[in-house]
Amino acid sequence: MRVRIAERAGFCYGVRRALSIVERAVNEHRGERIYTLGPIIHNPQAVQMLKERMGVEPISSLDEAEGGVLIIRSHGVPPALIERARAKGLKVIDATCPFVKRAQNKARQLAEEGYQVVIFGEKEHPEVIGILGHLPDGRAYVVETPEEIDGLPPMRRVGVIFQTTQEMRSFGDMLMKLLLKSEELKIHNTICHAIRDQQAAARRLAEEADVMLVVGGRNSGNTRRLVQICRDAGAKSYHIETADEIDPSWLKGAELVGVAAGASTPDFIIEGVLERLKSMGAEVEGRLKRSP
Ligand code: F3S
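Summary of the structure given here.

Rules and cut-offs
- Residues numbered from 1 in each chain as written.
- Predicted model: local features only at pLDDT ≥ 70, side-chain atom pairs only at ≥ 80, totals over all residues.
- Heavy atoms only, no water.
- Helix = DSSP H or I, 4+ residues; strand = E, 2+ residues; numbered from the N terminus.
- Rg over C-alpha atoms; globule rule 2.2 N^0.38 Å.
- Buried < 20%, exposed > 50% of the residue type's maximum accessible area, 1.4 Å probe, protein only.
- Contact = heavy atoms within 4.5 Å.
- Areas by Shrake-Rupley, 256 points an atom, 1.4 Å probe, with all protein chains shown as cover.
- Lys, Arg positive; Asp, Glu negative; His and termini not counted.
- Charge placed at Lys NZ, Arg CZ, Asp CG, Glu CD.
- Core = buried A, V, L, I, M, F, W, Y, C linked by side-chain atoms within 4.5 Å.
- Pairing = 2+ DSSP bridges.
- Axes fitted to C-alpha atoms, helices over the stretch in contact; angles between N-to-C directions.
- Near = heavy atom within 4 Å.
- Nonpolar A, V, L, I, M, F, W, Y, C, P; charged D, E, K, R; others polar.
- Polar contact = N/O pair within 3.5 Å; in protein donor to acceptor, adjacent residues only side chain to side chain.
- Arc of directions from axis to C-beta.

### A few points about the overall build of the protein
- Check the secondary structure of the protein and you find ten helices and 13 strands.
- Here the C-alpha atoms of the protein give a radius of gyration of 21 Å, agreeing with the 19 Å that 2.2 N^0.38 yields for 292 residues.
- With the C-alpha coordinates of the protein rotated into their principal frame, the extents come out at 60 × 55 × 25 Å.
- The 292 residues of the protein split such that 52% are buried.
- Nonlocal contacts in the protein, meaning residues at least 24 apart in sequence, comprise 73% of its contacts between residues at least 6 apart.
- A total of about 13,600 Å² of accessible surface is found on the protein, and carbon and sulfur atoms cover 48% of it.
- Here the protein holds 41 positive side-chain charges and 40 negative ones, and the gap between their average locations is 3 Å.

Spelled out as structure tokens, the structure:
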């Protein structure tokens, strides 16, 4: 049995940047409490490690913070939330990914130019909630399926942006439907290149592999999407958080096992999966490369 790791797997630029901001904040604000609003990355093992080793506390609402430093994670937040945090006396450090910032700015710009903003993304996703908060009136249509576009009223000028981690492939039909509903359609491609490359690499590998192991938090939408991409490409695909979850029966008869990992999966977890596969007699081709 051979094992191959996808050419792009694991931490993206924005996640690496957010984690180094956390590390710097811990060093510069010794003795103060450090919070992140929501887990800093969608990976329970990494969040637990940050809590144990550096005392970084994830909170789910500002009410839980009692003085100290609040780090805004890579998904971003509505500006009003930052104002509330400052009004509460918290020092705010913004680790919003620059690609997410670009999506926020493009959405605001479209609204200011008079376009009806449509966001292709998940309604409850924190990034989408943050983008909505950047619109002057906070209003946009968020659509996930072609059927939802059928339900929209006719519109004159429509401006589209995408949640950064969406998969571009699925949007052809949706854009065509929107075009038929509008007189003018302006599209900003805000899908992040790191995700595009990672999805393309997972798809290529899944087309060759018999079995795909996709490593990442179950709360990571990006990892769940990779699992779906690998299944669509024809490989038997399993979502695992850690090496212990590998069931040897999945690999029976497989000649090539592919390993892909979401943008919030730390290297030590991917290495753990490769080690476990080696201990099961697999020969690992290549090495884990960092995403640019
Ligand atoms: Fe940023 Fe793209 Fe990662 S938007 S957080 S670099 S997935």
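### Observations regarding the nonpolar core
- Core analysis: the largest hydrophobic core is formed by 23 residues, its most contacted members being Leu213, Ile246, Val259, Val273 and Leu277.
- Of all the elements in the fold, those that place two or more residues in this core are strand E1 (2–5), strand E10 (211–215), strand E11 (236–240), strand E12 (256–261) and helix H10 (267–279).
- Tallying contributions element by element places H10 first for this core, with five residues.
- Other than its neighbours up to four places away in sequence, isoleucine 246 contacts Leu213, Ile240, Leu251, Val273, Arg276, Leu277 and Met280.
- Formed by 22 residues, the second largest nonpolar core is a distinct cluster that contains Leu19, Ile34, Ile40 and Ala194.

### Quick look at the sheet that holds strand E6 (residues 116–120)
- Taken in spatial order, the four strands of this open sheet run E7-E6-E8-E9, and their pairing is parallel. The open sheet is flanked by strand E7 (141–143) and strand E9 (182–187), the only strands paired with a single partner. Direction aside, neighbouring strands of the sheet carry axes that sit 25° apart on average.
- Pairing of E6 with E7, which is carried by three bridges, proceeds in the parallel orientation. Paired with phenylalanine 120 across the bridge in E7 is valine 143.

### Looking at the site of the ligand
- Around the ligand, a shell composed of Cys12, Gly14, Ser74, Cys97, Phe99, Thr164, Cys192 and Ile195 is seen.
- Each residue belonging to the shell around the ligand can be placed in one class, and the counts come to five nonpolar, three polar and no charged.

### Points about the side chain of glutamine 163
- In this fold, glutamine 163 is placed in the loop between strand E8 (155–162) and helix H7 (172–181).
- Among the polar contacts listed, one links the side chain of glutamine 163 to the backbone nitrogen of glutamate 122, at a separation of 2.7 Å.
- Look past the residues within four positions of glutamine 163 in its chain and what remains in contact with it is Ile119, Phe120, Gly121, Glu122, His125, Glu127, Val128 and Ile191.

### A closer look at helix H2 (residues 44–54)
- For H2, every residue scored as buried is listed here: Ala46, Val47 and Leu50. All buried residues of H2 fall inside an arc of 100° around its axis, so they share one side. Opposite the buried face of H2, by more than 90 degrees, sit the exposed residues Glu52 and Arg53.
- Those residues of H2 that are buried lie in contact with helix H1 (13–28) and strand E3 (56–59).
- Looking at the residues trailing H2, positive phi occurs at glycine 55, about 75°.

Note that all results are geometric; they support no functional claim without further evidence.
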